[in-house]
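Structural characterization, general
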Amino acid sequence: MGGTVLVLRALGVGDLLTAVPALRALRRAFPDKRIVLAAPEALRPLADLVEAVDRLHPTTGLGGLAWHSAAPDLAVNLHGCGPESVRDLLGVRPSSLIAHGHPEVPEVPGPPWRPELHEIDRWCRLLDQSGITADPTDLLLAPPPTPTPHVGTVVVHPGAAAAARRWPADRFAWVARELQDDGHDITITGSADEIGLARSVAAAGGIAPWRVLAGHTGLEELAAIIASARLVVCGDTGVAHMATAFGTPSVVLFGPMPPTLWGPPPWRRRHRALWAGRTGDALGDRPDPGLLELDKRDVLEQARKLLERYPF
């Protein structure tokens with residue numbers, strides 16, 4: 001391959017999946033160059049599914065870009081709008097750099113950051129304005145090759161990284177119980193830090209303990225479960241983006257951030273984004289008031305509609 005394109009996106013699951021159209025655009029634009037994604041090692045299973053990345057360069061976040069190879073032909077900042085990410089990429093001495101402009105780094109030209117854009121559209125527009133055509137609809141992934149015994153379940157994922165985005169556990173439990181009473185198999189997922197939360201949802205919802213997979217799946221297995229599920233019910237978190245990427249029907253509960261920024265694209269009919277219309281503190285230490293306005297009966301109704309419309 002003739003040279004390297006280094007892409008910085010050292011964030012989480014949802015961040016990687018919303019950057020898929022941009023990564024694929026770079027692959028099409030530079031078919032003979034090596035595309036290197038600077039992202040956390042934990043994301044490797046998903047990066048492999050994108051089929052636009054030749055190599056993942058483990059990067060823990062801002063300041064973690066330890067680059068010892070030859071200077072890349074092009075560096076692309078898909079990380080954020082702050083000067084830190086631009087400086088990280090300037091440090092690898094690329095021949096050229098694509099990034100949003102920032103007044104603290106005036107030597108790097110680029111379009112202004114537009115906070116109102118959906119995350120998918122943001123990165124596609126950045127590339128478009130650099131002469132690289134990007135298709136924001138090019139975001140679907142093939143299912144992981146990893147087999148899973150949990151095919152055809154309704155996945156309930158009650159956790160989220162920030163407390164402000166966590167719908168109450170008792171409401172998730174009520175929805176899970178109702179769907180189980182409808183005859184659906186329930187699977188409750190979560191990270192190792194969310195085992196207690198997942199178990200509490202299962203206990204309150206009458207879900208068998210062995211259906212709690214929180215803390216027992218790596219990212220690749222979790223992706224396989226999401227890809228083969230009948231439905232996903234979750235908050236605004238990485239699992240929601242996996243459901244969108246794999247075309248799995250989903251009911252996603254938003255607050256404090258609106259779905260216009262991070263939700264499933266409106267043209268994806270298999271997904272329902274519920275939002276009370278109120279924004280709030282994304283780093284709050286308790287569930288956002290707008291999120292609490294979402295009624296469990298509305299969530300159940302949307303779940304049942306999707307299960308009826310998209311039979312497994």
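Residues numbered from 1 in each chain as written. Predicted model: local features only at pLDDT ≥ 70, side-chain atom pairs only at ≥ 80, totals over all residues. Heavy atoms only, no water.

**Points about the packing of helix α2 (residues 20-29) against helix α5 (residues 119-128)**
Two measures define how a pair of helices packs: the angle their axes make with one another and the distance between the axes. We count it as follows: Here an angle of 0 to 180 degrees is reported between the N-to-C directions of two axes, which are lines fitted to C-alpha atoms, with helices fitted over the stretch in contact. Secondary structure elements are defined from DSSP: runs of H or I of at least 4 residues count as helices, runs of E of at least 2 residues count as strands, and each element is numbered from the N terminus. Roughly parallel here means an angle under 35 degrees, roughly antiparallel means over 145, roughly perpendicular means 65 to 115, and every remaining angle is called oblique. Only heavy atoms matter for contacts: two residues are in contact if any of them lie within 4.5 Å across the pair. Ten residues, namely Ala, Val, Leu, Ile, Met, Phe, Trp, Tyr, Cys and Pro, are considered nonpolar, four, namely Asp, Glu, Lys and Arg, are considered charged, and the remaining ones, Gly among them, are considered polar.
The N-to-C vectors of α2 and α5 enclose an angle of 25°; their axes lie 8 Å apart at closest approach. The angle between α2 and α5 falls in the class roughly parallel. Seen from α2, the contacting residues are Pro-21, Ala-22, Ala-25 and Leu-26; seen from α5, they are Ile-120, Trp-123, Cys-124 and Leu-127. Partitioned by chemical class, the residues of the contact of α2 with α5 number 8 nonpolar, no polar and no charged.

**Digging into the pairing of strand β2 (residues 34-39)**
Rules: Burial here depends on accessible area, computed with a 1.4 Å probe over protein chains only, as a share of the maximum for the residue type. Under 20% is buried, over 50% is exposed, and the range in between is partly exposed. Whether two strands pair depends on DSSP finding at least two bridges between them. A right-handed crossover is one whose linking path, passing over the helix from the first strand to the second, runs clockwise when the strands point away from the viewer.
Burial analysis of β2 places 5 of its 6 residues in the buried class, the great majority of the element. Where strand β1 (residues 4-8) meets β2, 5 bridges bridge the pair, whose relative direction is parallel. When the sheet's bridge partners are listed, Val-7 is paired in β2 with Leu-37. Considered for its hand, the β-α-β crossover made up of β2, helix α3 (residues 44-50) and strand β3 (residues 55-58) is right-handed.

**Some remarks on the packing of aromatic side chains**
Going by this rule: Between 30 and 60 degrees the pair is tilted, below 30 it is stacked and above 60 it is edge-to-face, where a pair is any two Phe, Tyr or Trp rings, Trp via its six-membered ring, whose centres lie within 6.5 Å. Two thresholds decide whether a charge sits over a ring: the Lys NZ or Arg CZ must be within 6 Å of the ring centre and within 35 degrees of the ring normal.
Within this structure, the stated rule accounts for 2 aromatic pairs. On the numbers, 5.7 Å between centres and 65° between planes, the contact of Trp-113 with Trp-123 is edge-to-face. You can see Trp-113 sitting in the loop between β5 (96-98) and α5 and its partner Trp-123 sitting in helix α5, a full 10 residues away along the chain. Relative accessible area serves as the criterion here: at 28%, Trp-113 is assigned to the partly exposed category. Sitting above the plane of the Trp-113 ring, Arg-122 keeps its charged end 4.0 Å from the centroid.

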